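# Tertiary structure, described
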Amino acid sequence: MKILTRSRRGLAALAAATIAVTGLSQVNAFAATKITLTEEDYFNTPGQLSGLASYTKQFEAAHPGVTVKRQYVPFANLDTKLLTQATGHDLPNLLAVDNPFVSTMISTGQVVPMSGMKGFSTKGYYPAVINEGLSNGKYYSLPVAGANSIALIYNIAMLKAAHVNPPKTWAQLVSAAKALTTPKRYGIALTCEAAEDTTWQWEPFFWSNGGKGTFANVASAPGVQALSLWKQLVTDGSASKACLNWSQTPAASSQFIAGKAAMMVNGPWNFPTLNLNHMYYGKQFGIVPVPVRVPGQHVVVPLGGEDWMISNSAGSAAQQLAFEYIKGMQTPAQELKLAKAFGYLPGKIAVAKTYLKQVGPEWKVYIDQTLYARPRTLGLGVKYPKISQAVWTAIQAALSGSQSVQAALKTAQSQINTILKS
Amino acid sequence: MHLTAWRRRQIAGWLFLTPAIAYILFAFALPIVYNVMLSFEETSPATIGDFTAPFAGLANYRFILNDPTSTAAIVHTFEFTAGSLFGQFVIGFALALLFTVRFPGRTLGRSLVIIPWLIPLFVTGVIFKFLFQLEGGAVNQLLVDVGLARHPIDWLDNPHLALWTLLIANIWLGVPFFTLLLYSALQDVPVEVKEAALMDGAGPWQRLRLVIVPIILPVIEVTFLLGFVFTVKVFDLVIALTGGGPANATQLITTWSYNLSFQQFSFGQGAALNNVLLLLAVICAPLYLLLSRDSLRRSSGAAR
């Protein structure tokens, strides 16, 4: 009896293996076979983990025999790990990457376009969200939990005590930051460490002021004015020079939370931490768009967030199944659920409107500006990391005083021109 | 099939050697050869899945020579290494000499000295980042409170100062290594020799310079060489402390080649810069063998 069961089980496994090896294009045939989809990402907040896990459970229940095996890789290592895996043609089936890295993954040729897949649609997404994965007319990515961006977060009590209004223009920002500075705190916490988040923080100032998405005019008026603004905040003493070693989160944000800075430019992912520290929207902190140089300029922010991609390391059946996994997250109900769990904005315009009603007014500025947001790599692709490097180096050079604003941007400009020509 | 005894022994010899040869080939030779290959190729994420990429000639090396950050990184690496070795030697030797003297708490002191060694490099970096912070950093707090500085010093935020701050951190890290090796060398200096020098009327400075140092010189040489190898490849510390900034003022060969390879995805350029390190290793390895063989001969000569 025992032997019989064992051999029967063996037969079933053999059959499953045969099916798996030959590969099936019919989705409904998955019920009969066992398939494991591998997945890699860097999500680590409790909300992100539970949001992702509950969706995966739901997906596995709806697709019997399918297991999604997740592997966590720390943020700092994911890009390197994926590239290493690409050298061995061994990428996971599903990868969730930071959006500036999408172009790099596309250029490896080891991810497949989703635009050809059954059930793919670009309808309803914010242009900036869906265009993150656009390359040669094909779409390679869809958002994981929507998107995010940055705005000016201020301490209500400190502004009230200093009799200043939330700044709308650069001139107001400079005077407000000055008025808010005391021996114990700075007016604003900037981020200017040697990393991408420095360029990302500066982009709204540069882009809203007429800066090009390619940074082709970084040494012209839009760039010089935007960097001079930051430089002035530091020379005024309204922003700490220590920002040269501050990340956006948690370094700059903890300055704000600790009351050592009255304002910061930051994103909605800070809400849970702010609330944990008894800071609530409308009571302790308020949010306005990043100030513009002259009234009437549109605020153009870079778009953050992660995107799903599908690798070609498995056959078309597994690819289609991976797409099913991603597609299931794009329904309005799932989008709302995941955006809440992640602290992001939904990627579709209509869903974002519903979201605003459900989650509260602190999201309004972020949702409104997403319509004018810009994906960082659009038109640049794999050139973006090099250009961003040149930009943050110029910002560091100007703020640390090793070069003048003009000289620093001129250096960056000549590097960027070379990169753009290559 | 009759093999001569000699032939059979030779085959057996090769069989015994095979695992070692295979290990050396795959663990050492292959990565080095691959790195050299990469440096002559035009690599990008697009070529990453192929074993070879288009031949680039000397373009990557030309880039390194013309890229101000790369050349600065090479210069920084030499400054950083020279400064570290000097500081580590002076402090390490002083401590080693101190520990040869009997005093209460000597054993405790000797074990305390090893602590920097036991802390992961990255953790050291983060600790130093807190210590040297512009505002609220312990170092600035102390300097201002004691009156040595009027304003907090921008240790990590000043391009002219940041490399020095790194140097301080790295000296702190390397002192245990120098102390331990030099201390054990000092233990081996024969008492009779020291006593003879004393009898001959040599002062403490003369005894150190003319008797002790010449005896332990082989150990000093090897310690310097090993210290050089450890310092020239420092990476974690810089990443944790400054990330190579401000404005690339603290980029070393290691950090900048990592940046080129894995942040800008120019693997060929990163490999070309990294080969400067390879070149140093190629110079250092035979030198080490020569020195250690030399020191063996000298110490065995001394024993005779």
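Look up a bit, the structure's there.
All of the points below concern the structure found in this document. Worth saying up front: this structure is predicted, and the values here are computed from it rather than measured.

Calculation rules
- Residues numbered from 1 in each chain as written.
- Chains lettered and ligands numbered in written order.
- Predicted model: local features only at pLDDT ≥ 70, side-chain atom pairs only at ≥ 80, totals over all residues.
- Contact = placed C-beta atoms within 7 Å.
- Nonpolar A, V, L, I, M, F, W, Y, C, P; charged D, E, K, R; others polar.
- Pairing = 2+ DSSP bridges.
- Helix = DSSP H or I, 4+ residues; strand = E, 2+ residues; numbered from the N terminus.
- Axes fitted to C-alpha atoms, helices over the stretch in contact; angles between N-to-C directions.
- Right-handed = clockwise from strand over helix to strand, strands pointing away.

### Things to note about the interface of chain B and chain A
Counting residues at the interface gives 25 residues for chain B and 28 residues for chain A. Partitioned by chemical class, the residues of the side of chain B that touches chain A number 10 nonpolar, 11 polar and four charged.

### A short note on the sheet that holds strand β8 (residues 186–189) of chain A
Residue and element names in this part refer to chain A. Judged by pairing direction, the sheet is mixed, and its four strands sit side by side in the order β8-β9-β7-β10 without closing on themselves. Each edge of the open sheet is held by one strand with a lone partner, namely β8 and β10 (285–288). Strand-to-strand twist across the sheet, computed as the mean angle between neighbouring axes with direction ignored, equals 20 degrees. For strand β7 (residues 151–155) and β10, the ladder comprises four bridges, and the chain directions are antiparallel. Across the sheet, Ile153 pairs through a bridge with Ile287, a residue of β10.

### Examining the pairing of strand β2 (residues 66–72) of chain A
A regular strand carries its side chains on alternate faces of the sheet. Residue and element names in this part refer to chain A. For strand β1 (residues 35–41) and β2, the ladder comprises seven bridges, and the chain directions are parallel. Its bridge partner lying in β2, Thr38 is registered against Lys69. In terms of handedness, the path from β1 via helix α2 (residues 46–62) over to β2 forms a crossover that is right-handed.

### Digging into unusual backbone geometry
With an omega dihedral of 10 degrees, the bond running from Thr249(A) to Pro250(A) counts as a cis peptide bond. For Pro250(A), the location among the structural elements is in helix α10 (residues 248–257). The amide bond that connects Gly245(B) to the next residue, Pro246(B), takes the cis arrangement and shows omega of -10 degrees. Within the element layout of this structure, Pro246(B) appears in the loop between α11 (236–241) and α12 (253–262). Not every positive phi belongs to a glycine, and His278(A) is a case in point at roughly 60 degrees. Assignment of secondary structure puts His278(A) in the loop between α11 (271–276) and β10.

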